Amino acid sequence: MPAEHMVKRFDEELQKLDASISEMGGLAESQLSMALAALRERDSVTAEKVMKADHRVDEFDRTVQAQVIRMLALRQPMADDLRLIVTSIKIASALERVADYAKNVAKRSLQLHTLTTPSTALSGVDRLGRLVQALLKDVLDSLATKDADRARAVWTRDADIDDVYHGLVRELLTYMMEDARTISACTQLMFMAKNIERIGDHATNIAELLLFRWTGEEVVEERPRGTS
Amino acid sequence: MSPLDDRVKPLRQDGPMSGPAAAAAPKIEGKKVNVFYGAKQALFDVNIPIKTNNVTALIGPSGCGKSTFLRCINRMNDVIPSCRVDGAITLDGQNIYDRSVDVVQLRARIGMVFQKPNPFPKTIYENVAYGPRIHGLARNKAEMDEIVTNSLQRAGLWKEVQDRLDQSGTGLSGGQQQRLCIARAIAVSPEVILMDEPCSALDPIATATIEELIDELKQNFTIVIVTHSMQQAARVSQWTAFFHLGKMLEYGDTPQIFTKPKEERTQAYITGRFG
């Protein structure tokens, strides 16, 4: 068990930073969860909630950045402390993007209420959403438990998500070709699918950052990609 | 080539480390160095390269042996009666503890700067001229003037003292005194400069001036610096060695030591986790 810093205030500040990231992660997770629920259940109230709550995530992003800059100036961190502090900024950025994409999904879901939407198309997007939700949860769990194996597993699973995404895109194209009335809805769903796929990318980015944080080694291998 | 080069020459011109191989070989190498003060052992099996024209920093907590090791390099420990050194320290491949080595000549090749600036109670000029004079490096006043001017210039002090070379060295500020000591050290054209916490007694501006100077000097000298400040070691050195309880636990290039040290104890020390 690594010893604590001689200067206890430093450990307290590091804990505060961890707590900020953790809360931000929880918020991003719940934003995604609510956006998918709003889509599934055509729930405009939930969709509005998601859109209104997005600014809280942005606030966290700014808080984390301020905490990091302060610690860099005042503590001159080295080695693992330095890596922890610097990766926190990037992780916060990734979480901010995740929440932003979730907000976009919620916003677009409102459009679907007035459009002819093939139910299988909707469930396809929902399925992709659940996969990405699980990925995000796993990476945030690995952050909390400092589990490098779990982070690495997230890193490799992104390929599966890519496959599901590309399959979904092909599916949506067939709907549009079969029935022109579905084009508006399917276009919205296509954008939503893209947003969700990007959330998966960011979850994988977080996994890479965590591996760098704990080992000091950059992940230089090509990320496993799905076949297009 | 100035007349200096003839007189302060290697102990052996044709040593094992001449020729192209010399460029790659470390200037100094510690090989299984063990040091005892009476019955107490202060250094245990230290093996370390000191690369030519690089700055190597020795870091570690108080009492870890870094200053002891530094003083072995120019055999300053010889003046401590109870001190015994086992193992070898080579300079250009030749063991400096060999019986045939002239210690006075050795200390002309390896200069030293100390924590507290210690200019002689003489004029600025005389401070710098003293070493060259006793080594007979100047044939006449003109040559000596050149040596003094040159050394003061290279130490970054010339502009501030050129009009008062006849004033006492002890009348200068702390930072200037330290630069005077550096000028004094380089006046005898050493190959290596050892520095034992050279900036501990100086303010941040003087410290920054010396650090900039170290950066320039390394082009022509090999420098070993002992420092308590991790930030300073990180700023000035290319290679860092971490000492702990008389052992050298880790040696590596400075960026690696401070971003991803290999040893847990190195990481604990540099991040301030001493428990």
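Numbers given to residues run from 1 along each chain, matching the order in which its sequence is written. Each chain is given a letter, starting from A, and each ligand a number, starting from 1, according to the order in which they appear as written. Totals for whole chains, interfaces and linings use every residue, but because this is a predicted model, local features are given only for residues with pLDDT of at least 70 and side-chain atom pairs only at 80 or more, for both listing and counting.

Colleague: When you look at the overall build of chain A in this model, what are you seeing that I'm missing?
Modeller: A tally of regular secondary structure across chain A gives six helices and zero strands. Going along the chain from the N terminus, every DSSP run of H or I of four or more residues is numbered as a helix, and every run of E of two or more is numbered as a strand. Along chain A, helices and strands appear, N-terminal first, in the series α-α-α-α-α-α. We take the radius of gyration over the C-alpha atoms and set the globule estimate at 2.2 Å times the residue count to the 0.38 power. A compact globule built from 228 residues would reach a C-alpha radius of gyration of about 17 Å, and chain A, at 19 Å, matches this within 12%. On the principal axes, the C-alpha backbone points of chain A span a range of 70 × 35 × 25 Å.

Colleague: Quick question: what am I supposed to make of the overall build of chain B here?
Modeller: The helix and strand inventory of chain B stands at 12 helices and 10 strands. Scaling as 2.2 N^0.38, a compact globule of 275 residues should have a C-alpha radius of gyration of about 19 Å, and chain B matches this with 19 Å. Counting only C-alpha atoms and orienting by the principal axes, one finds that chain B spans roughly 55 × 45 × 40 Å. Field definition: a residue is buried when 20 or more other C-beta atoms are found within 10 Å of its C-beta, exposed when 12 or fewer are, and partly exposed for counts in between, with C-beta atoms placed from the backbone. Counting all 275 residues of chain B, 43% fall into the buried class. Here, residue contact means that the backbone-derived C-beta atoms of the two residues sit within 7 Å. Look at the contacts in chain B between residues 6 or more apart in sequence, and 70% of them connect residues 24 or more apart.

Colleague: What should I look at first to understand the environment of B:Ala268 in this one?
Modeller: Checked against the element boundaries, B:Ala268 lands in helix H12 (residues 264-271). B:Ala268 gets classed as partly exposed once you count the C-beta atoms within 10 Å, which come to 18. Setting aside residues up to four positions removed in sequence, B:Ala268 forms contacts with A:Ala3, B:Arg273 and B:Phe274.

Colleague: What is the right way to look at the sheet that holds strand S9 (residues 239-244) of chain B in this model?
Modeller: Picture the strands of a sheet paired through backbone hydrogen bonds; they go either parallel or antiparallel. Residue and element names in this part refer to chain B. Pairing between strands is defined by DSSP: at least two bridges between them are needed. Pairing is mixed across the open sheet formed by six strands, whose spatial order is S6-S7-S8-S3-S9-S10. Looking along the sheet, the strands with just one partner apiece sit at the ends: strand S6 (110-113) and strand S10 (247-253). Neighbour-to-neighbour, the strand axes of the sheet open up by a mean angle of 20°, direction not taken into account. In terms of strand pairing, strand S3 (residues 55-59) meets strand S8 (residues 222-226) through four bridges, oriented parallel. Of the residues in S8, the one forming a bridge with Thr56 is Val224. Contacts from helix H3 (residues 66-73) reach S3, S6, strand S7 (192-196), S8 and S9 within the one sheet, and its direction differs from that of S8 by about 150°. The angle between two axes is taken between their N-to-C directions and runs from 0 to 180 degrees, where each axis is a line fitted to C-alpha atoms and a helix contributes only its stretch in contact.

Colleague: Explanation requested: the interface of chain A and chain B in the structure shown.
Modeller: Much of the literature gives interface size as the accessible area that the parts lose upon coming together. On the chain B side, the residues contacting the 14 residues of chain A number 14 residues. Among the elements that line the side of chain A that touches chain B, the one with the most residues is helix H3 (residues 79-112) of chain A, at four residues. Classes in brief: Ala, Val, Leu, Ile, Met, Phe, Trp, Tyr, Cys and Pro nonpolar; Asp, Glu, Lys and Arg charged; the others, Gly included, polar. Residue classes in the side of chain A that touches chain B are distributed as eight nonpolar, three polar and three charged.

Colleague: In this structure, what is going on with the environment of B:Leu202? I would like to understand it.
Modeller: All names here are of chain B. Relative to the assigned elements, Leu202 resides in the loop between S7 and helix H9 (204-217). In this structure Leu202 comes out as buried when scored by C-beta crowding, with 21 C-beta atoms within 10 Å. For the pair formed by Leu202 and Val55, sequence separation is 147 residues and the distance between their alpha carbons is 20 Å. The contacts of Leu202, once residues within four sequence positions are left out, are Gly174, Gly175, Gln178, Thr207 and Ile210.

Colleague: Looking at this structure, I do not really get the packing of helix H4 (residues 119-145) of chain A against helix H6 (residues 183-215) of chain A. What am I missing?
Modeller: Axes are the key here: two packed helices are described by the angle between their axes and the distance separating the axes. Residues and elements named next belong to chain A. Interhelical geometry of H4 versus H6 gives an angle of 15° and a closest axis separation of 9 Å. By the angle class used here, H4 and H6 are roughly parallel. For the element pair H4 and H6, the recorded crossing hand is left-handed. Across the interface between the two elements, Ala121, Leu122, Val125, Leu128, Gly129, Val132, Leu135, Leu136, Val139, Ser142 and Leu143 from H4 touch Cys186, Leu189, Met192, Ala193, Ile196, Ile199, Gly200, Ala203, Ile206, Ala207 and Leu210 from H6. Each angle is binned into one of four classes, with values under 35 degrees roughly parallel, values over 145 roughly antiparallel, values of 65 to 115 roughly perpendicular, and all other values oblique. Take the far helix as your reference; a near helix turned counterclockwise from it by less than a right angle gives a left-handed crossing, and one turned clockwise gives a right-handed crossing.

Colleague: What's the story with the confidence of the model for chain B in this structure? I'm lost.
Modeller: Interpretation of the predicted coordinates at a detailed level should be avoided for regions scoring low in pLDDT. All names here are of chain B. Put simply, chain B has an average pLDDT of 90, and 91% of its residues get 70 or more. Predicted confidence is poor over residues 1-22, with pLDDT under 50, and the contacts of this stretch with residues over four places away or in other chains come to 29 contacts. ipTM for the predicted complex: 0.78, alongside a pTM of 0.84. The predictor reports its confidence for every residue as pLDDT, a score running from 0 up to 100.

Colleague: Explain the nonpolar core to me, please; I cannot follow it from the model alone.
Modeller: Soluble, globular proteins show a tendency: their nonpolar side chains are buried together. All names here are of chain A. Counting residues in each nonpolar core, the largest one holds 134 residues, and the members touching the most others are Ala35, Val98 and Val139. Among the elements that line this core, the one with the most residues is H3, at 14 residues. If sequence neighbours within four positions are ignored, Ala35 has contacts with Val50, Ala102, Val105, Ala106 and Ser109. In this description, a nonpolar core means buried residues of the types Ala, Val, Leu, Ile, Met, Phe, Trp, Tyr and Cys, linked to one another by C-beta atoms lying within 7 Å.

Colleague: What exactly am I supposed to notice about unusual backbone geometry here?
Modeller: Only a minority of non-glycine residues have a phi that is not negative, and only a minority of peptide bonds are not trans. With phi around 55°, A:Lys146 is a residue other than glycine that occupies positive phi space. Relative to the helices and strands, A:Lys146 is located in the loop between H4 and helix H5 (148-178). The exposed category is assigned to A:Lys146, around which 11 C-beta atoms lie within 10 Å. Here B:Asn53, not a glycine, exhibits a phi torsion of approximately 50°, which is positive. Looking at the element boundaries, B:Asn53 is found in the loop between strand S2 (40-50) and S3.

Colleague: Would you explain the pairing of S8(B) in this entry?
Modeller: Two faces, one strand: in a regular strand the side chains alternate between the faces of the sheet. Residue and element names in this part refer to chain B. Within S8, five of the five residues are buried, leaving the element largely enclosed by the surrounding structure. Across the two faces of S8 the burial is the same, with Thr222, Val224 and Val226 and Ile223 and Ile225 all buried. One ladder, built from five bridges, connects S7 with S8; its direction is parallel. Note on S8: the bridge partner recorded for Leu194 is Val224. Whether a crossover is right-handed depends on one test, that the path from the first strand over the helix to the second runs clockwise when the strands point away from the viewer. Following the backbone out of S7, through H9 and into the adjacent parallel S8, one traces a crossover that is right-handed.

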